[in-house]
Amino acid sequence: MELYFEILAGFVTKENNTPVTGDYKVRMYNTDFFGDEYMAESALNEKGMACFRFPHDAFLEWDIERHADFYFVLYKSGNKVFHTKLEEKDIADLTKLKVGDKEMVELGNFEVEEISAA
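Once that is clear, we can look at the pattern of salt bridges. Applying the stated criterion to the full structure yields one salt bridge. The shortest N-O distance in the salt bridge between R27 and E41 comes to 2.8 Å. Placement of the pair is R27 in strand β2 (residues 24–32) and E41 in strand β3 (residues 35–43), with a sequence separation of 14 residues. Overall, R27 belongs to the partly exposed group, its relative accessible area being 30%.

Structure, rendered in structure tokens:
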């Protein structure tokens, strides 16, 4: 059985707290002293949620870091329309999964103030 974990991030409109849906993609990045690293891309589902799934060993090389500084960039039809602030998360437990484990990290909802065309 493959070990994996998921990182979930939701996107809602700040004006009325409704899910952002449609032709959107979200890219996840990690930033550290080496710079910004592209991690994954996800579409938004009907609830405005992006789900990023990683194999267990994706973070094993990060032994020197106890925290990951994630941020997300929202695209509509290929154009950048929103950028989140950094979300610092403790990743130490993600490197200790056991067979059969599934870890889910829920980052909550990001409020998209205004969707602007690039």
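Read on, since the account is not over.
What follows deals with the packing of aromatic side chains. In the structure shown here, the tally under the stated rule is six aromatic pairs. Ring centres of Y29 and Y71 lie 5.1 Å apart, and the angle between their planes is 10°; this geometry places the pair in the stacked category. Residue Y29 is located in strand β2, and its partner Y71 is located in strand β5 (residues 67–76); the two are separated by 42 residues in the primary sequence. Here the aromatic residues F11, F52, F72 and F110 are joined through ring pairs into a cluster of three or more. Here the guanidinium or amino end of R27 rests over the ring plane of Y75, the centre of that ring lying 4.6 Å away.

One broad rule of soluble globular proteins: the nonpolar side chains tend to lie buried together. If you look at the biggest cluster of nonpolar residues, it comprises 23 residues, and the most contacted ones within it are I7, F11, F52, F72 and L74. Secondary-structure elements contributing two or more residues to this core are β1 (4–13), β2, β3, β4 (49–55), β5, β6 (79–83) and β8 (102–112). Aside from chain neighbours lying at most four places away, what touches I7 is M28, A50, C51, F52, F54, F70, F72, V105 and L107.

Here the focus is the side chain of S42. Structurally, S42 is set in strand β3. Look at S42 and you get buried, because its relative accessible area is 9%. In this structure the side chain of S42 is engaged in a polar contact, spanning 3.1 Å, whose partner is the backbone nitrogen of C51. Discounting residues that sit within four places of it in the chain, S42 has contacts with K25, V26, A50, C51 and F52.

The two faces of a sheet get side chains in turn, since along a regular strand they alternate between them. Alignment of β2 against β3, held across eight bridges, turns out to be antiparallel. Within the sheet, the bridge partner assigned to M28 lies in β3 and is A40. With antiparallel pairing between neighbouring strands as the criterion, β2 and β3 make up a hairpin whose turn holds two residues.

Analysis parameters
- Residues numbered from 1 in each chain as written.
- Predicted model: local features only at pLDDT ≥ 70, side-chain atom pairs only at ≥ 80, totals over all residues.
- Heavy atoms only, no water.
- Salt bridge = Lys/Arg side-chain N within 4 Å of Asp/Glu carboxyl O.
- Helix = DSSP H or I, 4+ residues; strand = E, 2+ residues; numbered from the N terminus.
- Buried < 20%, exposed > 50% of the residue type's maximum accessible area, 1.4 Å probe, protein only.
- Phe/Tyr/Trp six-rings, centres within 6.5 Å; stacked < 30°, edge-to-face > 60°.
- Lys NZ or Arg CZ within 6 Å of the ring centre and 35° of its normal.
- Core = buried A, V, L, I, M, F, W, Y, C linked by side-chain atoms within 4.5 Å.
- Contact = heavy atoms within 4.5 Å.
- Polar contact = N/O pair within 3.5 Å; in protein donor to acceptor, adjacent residues only side chain to side chain.
- Pairing = 2+ DSSP bridges.

These figures come from the coordinates and say nothing about function on their own.
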